[in-house]
Amino acid sequence: MPALMKGLVSIHIPKTAGRSFYSILNQVYPAGTLAHFDQKNYQGMSRHAATFAFLQDLNENVNVIHGHFMFNDVKEHIRENNLDFVTWLREPVDRVLSNYRFFIQRTRRSDADEKMLSRRNESLLEYARLEESRNRMSKFLDGAKLENAKFIGIMEYFEEDIKKLGLMLDWNEFKISHENMNMEFRESDLKSVSQETIQEIRDLNTLDLRLYETALEYRLKRIV
């Protein structure tokens, strides 16, 4: 399958179906050709330094990588190795709500450190107002042009979009899983969030809203 010879960088933005996508990558790419970046393996390093170390450590047989990369940290790797890059986006308010719930779960884990424990009662808006929580999709893709991506998937259309990508890349058959995907979040937890809070989260994430709307436009053109 010639299409599989083309290398791929998968940028996993938090809470955008990255674990489900990685499960599929594991099914369609041969063992030894796929590597997953986990910053926990590079304790004490910034994301930038950890990414650099990860890229330096790659086996020469690896031509597909997946993880929480910032585009600017892998753009030279993409250029130098003539790779394609793909990523997934999610409706920004839903993504923030899901990320907040995941964050709160982490503060209640038995291995939570002192810093995490001190934030266990942090409210949704306290979390959302932090600079690190705002426009996260745009921050991960800073420096990228959507038109240069091989594929921009939309989490709300995961099954439909992953099948399109599979056809595009001539993948073998694969099983679609929904690992860690909070697809029921909007229907259940969103009801308890006030419209005022939702609007403030939208206002705090205007760059992500614009990015998401642009990606939806690209998706419609792809369908047509």
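Small disclaimer: the values here were computed from a predicted structure and weren't measured.

(A) Region of interest: the overall build of the protein chain. Each helix and strand counted, the protein chain has 11 helices and five strands in total. Here the C-alpha atoms of the protein chain give a radius of gyration of 18 Å, agreeing with the 17 Å that 2.2 N^0.38 yields for 224 residues. Taken over 224 residues, the protein chain has a buried fraction of 48%. Partitioning the intrachain contacts of the protein chain with sequence separation of at least 6 by distance along the chain shows that 75% fall at a separation of at least 24. For the protein chain, the computed accessible surface area is about 12400 Å², with 48% contributed by carbon and sulfur atoms.

(B) The pattern of salt bridges, seen in detail. Summed over all chains, the structure comprises 11 salt bridges. Two residues, Glu160 and Lys164, come together in a salt bridge whose shortest N-O distance is 3.0 Å. With Glu160 and Lys164 both in helix α8 (residues 158-168) and four residues apart, the pair spans about one turn of that helix. Glu160 serves as the salt-bridge partner of Arg219, at 3.1 Å between the closest nitrogen and oxygen. With Arg219 in helix α11 (residues 206-223) and Glu160 in helix α8, this residue pair connects regions lying 59 residues apart in the sequence. Residue class for Arg219 comes out buried when judged on its relative accessible area of 5%. Among the ionic contacts, a cluster of salt bridges with common partners joins Glu160, Asp161, Lys164 and Arg219.

(C) Seen up close, the pairing of strand β4 (residues 84-89). For β4, the buried fraction is high: six of the six residues fall into the buried class. Along β4, one buried face is formed by Asp84, Val86 and Trp88 and the opposite face, lined by Phe85, Thr87 and Leu89, is buried too. In the sheet, strand β1 (residues 8-11) pairs with β4 via four bridges, with the strands oriented parallel. When the bridges of β4 are listed, Leu8 appears paired with Asp84.

(D) Helix α10 (residues 195-204), seen in detail. When α10 is considered as a whole, its buried residues turn out to be Thr197, Ile198, Ile201 and Leu204. When α10 is viewed along its axis, its buried side chains cluster within an angular range of 125 degrees and face the same direction. Exposed residues on α10 whose side chains face more than 90 degrees from its buried face are Gln195 and Glu196.

(E) Summary view of the pairing of strand β2 (residues 34-37). Note that β2 and strand β3 (residues 64-67) share four bridges and pair parallel. The residue bridging Leu34 from the neighbouring strand is Val64, located in β3. On the question of chirality, the crossover connecting β2 to the parallel β3 by way of helix α2 (residues 47-57) is right-handed.

(F) Summary view of α8. When α8 is considered as a whole, its buried residues turn out to be Phe158, Asp161, Ile162, Leu165 and Gly166. All buried residues of α8 lie within an arc of 140 degrees about the axis, which places them on one face of the element. Two residues or fewer after α8 comes Asp170, characterised by a positive phi angle close to 60 degrees.

(G) Representation of the packing of aromatic side chains within the structure. The full count for this structure, using the stated rule, is 13 aromatic pairs. Where Tyr29 meets Trp171, the ring centres are 6.0 Å apart and the plane angle is 80 degrees; that geometry is what we call edge-to-face. Placement of Tyr29 in the loop between α1 (18-28) and β2 and of Trp171 in the loop between α8 and α9 (185-188) is noted, with a sequence separation of 142 residues between them. By the burial criterion, Tyr29 is buried, and Trp171 matches it. Arranged with centres 5.6 Å apart and planes meeting at 55 degrees, the rings of Tyr100 and Tyr127 form a pair that is tilted. With Tyr100 in helix α4 (residues 92-107) and Tyr127 in helix α6 (residues 124-129), this residue pair connects regions lying 27 residues apart in the sequence. Each of the two residues, Tyr100 as well as Tyr127, counts as buried.

(H) Local environment of the nonpolar core. Within the largest apolar cluster, 30 residues are counted, with the highest numbers of intra-cluster contacts made by Val9, Ile11, Phe54, Ile65, Phe69 and Leu89. Looking at this core, the elements with two or more residues in it are β1, β2, α2, α3 (71-80), β4, α7 (136-140), β5 (151-154) and α11. Among the elements that line this core, the one with the most residues is α2, at four residues. Ignoring any residue separated from it by four or fewer positions in sequence, one finds Ile11 in contact with Gly67, Phe69, Phe71, Val74, Phe85, Val86, Thr87, Trp88, Phe140 and Leu141.

Conventions we followed
Residues numbered from 1 in each chain as written. Predicted model: local features only at pLDDT ≥ 70, side-chain atom pairs only at ≥ 80, totals over all residues. Heavy atoms only, no water. Helix = DSSP H or I, 4+ residues; strand = E, 2+ residues; numbered from the N terminus. Rg over C-alpha atoms; globule rule 2.2 N^0.38 Å. Buried < 20%, exposed > 50% of the residue type's maximum accessible area, 1.4 Å probe, protein only. Contact = heavy atoms within 4.5 Å. Areas by Shrake-Rupley, 256 points an atom, 1.4 Å probe, with all protein chains shown as cover. Salt bridge = Lys/Arg side-chain N within 4 Å of Asp/Glu carboxyl O. Pairing = 2+ DSSP bridges. Arc of directions from axis to C-beta. Right-handed = clockwise from strand over helix to strand, strands pointing away. Phe/Tyr/Trp six-rings, centres within 6.5 Å; stacked < 30°, edge-to-face > 60°. Core = buried A, V, L, I, M, F, W, Y, C linked by side-chain atoms within 4.5 Å.

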